[in-house]
Amino acid sequence: MPGLIGKKIGMTSVFGADGKNIPCTVIEAGPCVVTQLRTVEKDGYEAVQLAYDEIKEIHASAPQLGHFKKAGTTPKRKLVEFPANFEGEIKLGDTISVDVLNDVKFVDVVGTSKGRGFQGVVHRYHFAGVGGATHGQHNRLRKPGSLGASSWPSRVFPGMRMGGHMGNERVKVFNLEVVKVIPENNLLVVKGSVPGAKGSYVTLEF
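Every value quoted in this text rests on a predicted model; they were computed, and no experiment measured them.

Caption draft 1: Molecular detail of the sheet that holds strand β4 (residues 47-54). Read from one edge of the open sheet, four strands run β5-β4-β3-β6, paired in antiparallel fashion. Lying at the two open borders of the sheet, with one neighbouring strand each, are β5 (76-83) and β6 (95-96). Note that strand β3 (residues 32-38) and β4 share five bridges and pair antiparallel. From the neighbouring strand, Val34 faces β4, where its bridge partner is Leu50. Its contacts with the sheet put helix α2 (residues 62-71) on β3, β4 and β5, and the angle it makes with β3 is roughly 95 degrees.

Rendered as C-alpha cells:
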C-alpha cells in the first residue's frame, strides 16, 4: 500500500535508546477504506482511492452516498487517491490500518501549513529592514525597499518578494523516521514536526 490518510494529534517527546530526548509528532493514521480502484482500461491510470473519518449521512450528498454504497462503507469526510499497481491485492471495501507501517522505517508527510494571513516582508521572507533611521526616513523600518526602476521597465517583475498571504499551503516533509506504531489506538509516532494545526488532515506516503 503506497499511502494512508491520517490526522495530526499533536507533539510529544520520547527517549531513544541512547537516552536522548526525541521531539515527535503523534498522528492518527487510519483506518482507511478502499472506495475506488482506478484501472488503465477504464481511467487511463492505476490508483487506489482511500476514504477516512466518519461523517453522518445527512452531511453527504446523494452522489457521495452512492459512491460509498458501492464500496459497502459509511460516508467519509476525506478522500485521497494514491498511485498504485495493486494487481488484485487490494479489493473494493478493504480496510487499511496503521499495521501496514510496522515494517516501514521512513515516511513522507503531506499537510496544509497554518494560515498566517497577510504578512509583510520581514515576517514572510525574513527581510532585515533598513536598520537605523537615517537619510531622512523615520517610519519605514519594516518596508521592503525598492521594487524596481520607475523609468524602465516601469513595472514590477514577477517573483518579486513582497508582502502577501502567508501559510495555508500544501507542504511535504520527506523522510520522517517512524519512532513507534501503536496499532490498538491507530497511532503513529514520527520524529520531527509535521505541517498543519492540531486536528488537521495529513497524508502519509511510503
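There's plenty left to go through after this.
Caption draft 2: Highlighting the packing of aromatic side chains. Under the defined criterion, the tally for this structure stands at two aromatic pairs. Pairing Tyr52 with Tyr201 gives two aromatic rings, centres 6.1 Å apart and planes at 85 degrees, and the pair type is edge-to-face. Of this pair, Tyr52 sits in strand β4 while Tyr201 is found in strand β12 (residues 201-205), placing the two residues 149 residues apart along the sequence. Of the residues examined, Tyr201 reaches a relative accessible area of 23% and is grouped as partly exposed.

Reading the values: the criteria
Residues numbered from 1 in each chain as written. Predicted model: local features only at pLDDT ≥ 70, side-chain atom pairs only at ≥ 80, totals over all residues. Heavy atoms only, no water. Pairing = 2+ DSSP bridges. Helix = DSSP H or I, 4+ residues; strand = E, 2+ residues; numbered from the N terminus. Contact = heavy atoms within 4.5 Å. Axes fitted to C-alpha atoms, helices over the stretch in contact; angles between N-to-C directions. Phe/Tyr/Trp six-rings, centres within 6.5 Å; stacked < 30°, edge-to-face > 60°. Buried < 20%, exposed > 50% of the residue type's maximum accessible area, 1.4 Å probe, protein only.

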